[in-house]
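# Architecture at a glance
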Amino acid sequence: MDDLLTYLPYILPTKCTLTTDKNIIVASQHFKSLYGDLILKLLWHIDAIPKSINYVKKSALKTIVDQVRTLIELQRKGCYIWKQEGLLKIMPTQKMKSNGFKSYIKQKTVGKIDPHVFMIEKKQDPGFNDNCIVGMSFQSLLILFSHLLTQVRSMDQNKYFNLNVAQLFNVVDATNQLNSFGYAFLYRQPRVKGANQTASGKNNTRTTVSKIVQHLRIMSNKATSSAVRELVRQEFKKSTGKKLNYSDKTLTDIIIDAAGHSHSS
């Protein structure tokens with residue numbers, strides 16, 4: 001991890017030149033164009049720099065590197081972070097259960113991880129989870145930057161160098177967009193399904209009430225009667241086994257509409 005932390009100054013938003021290494025300079029510029037906003041917001045979140053400032057002073061670099069190092073170590077040793085149904089989950093923990101490793105291997109084999117099964121949860125102070133997620137975020141950013149820098153270093157230093165670097169980072173950008181759209185789509189599906197089921201349920205209920213009104217031959221001029229509404233509620237309960245939860249006003253409107261259709265037919 002110490003090797004990765006040497007790259008941290010190059011991904012932070014600064015206004016100063018920190019190296020003469022052309023590979024690092026070019027990779028850093030492209031990397032910050034993709035992840036600069038995220039990195040800045042992470043720094044604001046941990047109060048590394050004030051929200052009124054959007055860059056890191058050279059004199060503050062060492063302090064911020066040490067602060068990020070602490071959060072990364074906190075995340076690595078003090079919590080377990082995983083993704084579940086598109087959402088980020090976190091569990092503060094420092095110890096595996098006696099039979100935990102066996103359970104972990106079994107879960108990993110089926111591709112569904114629940115650390116509550118193999119880890120012992122440890123209560124932490126408020127803000128601990130956020131700090132762990134920030135630490136994980138910086139660790140992931142540094143790992144990615146290291147891999148991309150390795151690719152940049154492998155490129156020939158010819159007239160196509162800058163173009164090849166740009167193409168490399170365009171692939172990363174396209175991958176990011178695909179992941180974002182993919183997760184947004186998958187996360188949207190349960191909500192859409194739930195909304196459709198709710199709408200379908202409402203339509204089915206309304207249809208059932210309308211059929212009851214027509215079957216009982218209720219006239220529209222009787223729709224405002226509380227006795228009629230109660231009769232409809234009772235018939236609905238008998239035919240569906242469920243309670244009709246419509247308000248008096250909604251039920252009256254449905255009765256009027258159904259009675260009108262019955263009379264016109």
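Located above this text is the structure these notes cover.
Computed from a predicted model, the values in this text were never measured in an experiment. (Residues numbered from 1 in each chain as written. Predicted model: local features only at pLDDT ≥ 70, side-chain atom pairs only at ≥ 80, totals over all residues. Heavy atoms only, no water.)

### Considering helix H5 (residues 100-110)
Of all the positions in H5, only Gly-100, Ser-103, Tyr-104 and Gln-107 are classed as buried. Buried residues in H5, looked at end-on, bunch into an arc of 100 degrees, giving them a common side. Projecting away from the buried face of H5 at angles above 90 degrees are the exposed residues Phe-101, Lys-102, Lys-106 and Thr-109. In the stretch just after H5, Gly-111 is the one whose phi turns positive, near 75 degrees. (Buried < 20%, exposed > 50% of the residue type's maximum accessible area, 1.4 Å probe, protein only. Helix = DSSP H or I, 4+ residues; strand = E, 2+ residues; numbered from the N terminus. Arc of directions from axis to C-beta.)

### What to know about the packing of helix H4 (residues 61-78) against helix H6 (residues 128-153)
At a minimum axis distance of 7 Å, the contact between H4 and H6 shows a crossing angle of 105 degrees. Between H4 and H6, the crossing angle belongs to the class labelled roughly perpendicular. Judged by residue contacts, Val-68, Leu-71, Ile-72, Leu-74, Gln-75, Arg-76 and Gly-78 of H4 engage Phe-128, Asn-131, Cys-132, Val-134, Gly-135, Met-136, Phe-138, Gln-139 and Leu-142 from H6. Class assignment for the residues of the contact of H4 with H6 results in ten nonpolar, five polar and one charged. (Axes fitted to C-alpha atoms, helices over the stretch in contact; angles between N-to-C directions. Parallel < 35°, antiparallel > 145°, perpendicular 65-115°, else oblique. Contact = heavy atoms within 4.5 Å. Nonpolar A, V, L, I, M, F, W, Y, C, P; charged D, E, K, R; others polar.)

### A few points about the layout of surface pockets
Unfilled space is identified by rolling a water-sized probe across the atoms. In this structure, the second largest pocket occupies an estimated 180 Å³ of space. The set of elements that each furnish at least two residues to the lining of the second largest pocket consists of helix H2 (8-11) and helix H3 (22-45). Along the lines of polarity and charge, the residues of the lining of the second largest pocket split into six nonpolar, five polar and two charged. (1 Å grid on protein atoms, 1.4 Å probe; cavity = no way out; pocket = protein on both sides within 12 Å on 5 of 7 lines; lining within 4 Å. Points joined across faces, edges and corners; volume = space filled by probe spheres on them.)

### Topic: unusual backbone geometry
The residue Asp-47 is not glycine, and still its phi comes out positive at about 60 degrees. Here Asp-47 lies in the loop between H3 and H4.

### Quick word on H3
A bend of about 70 degrees at Tyr-35 is the largest found in H3. Taken together, the buried positions of H3 are Asn-23, Ile-24, Val-26, Ala-27, Ser-28, Phe-31, Tyr-35, Gly-36, Ile-39, Leu-40, Leu-42 and Leu-43. Two or three places before Asn-23, at the start of H3, stands the capping residue Asp-21, its side-chain oxygen 2.9 Å from that residue's backbone nitrogen. Asp-47 lies just past H3 and shows a positive phi near 60 degrees. (Bend = angle between axes of the 7 residues up to and from the residue. Polar contact = N/O pair within 3.5 Å; in protein donor to acceptor, adjacent residues only side chain to side chain.)

### Things to note about the packing of aromatic side chains
Throughout the structure, instances matching the rule amount to three aromatic pairs. Ring centres of Tyr-7 and Phe-145 lie 5.7 Å apart, and the angle between their planes is 65 degrees; on these two criteria the pair is classed as edge-to-face. A residue pair is termed long-range when its members are at least 10 positions apart, and Tyr-7 in the loop between helix H1 (2-5) and H2 and Phe-145 in helix H6 qualify at 138 residues. A relative accessible area of 0% places Phe-145 in the buried class. Both rings, one in Phe-31 and one in Tyr-35, keep their centres 4.8 Å apart while their planes meet at 40 degrees; by these two values the pair is tilted. Of this pair, Phe-31 and Tyr-35 are both found in helix H3, four residues apart, which corresponds to roughly one turn of the helix. Three or more aromatic residues joined by ring pairs form one cluster here, namely Tyr-7, Phe-31, Tyr-35 and Phe-145. (Phe/Tyr/Trp six-rings, centres within 6.5 Å; stacked < 30°, edge-to-face > 60°.)

From the geometry alone we can't say anything about function, so treat these as descriptive.
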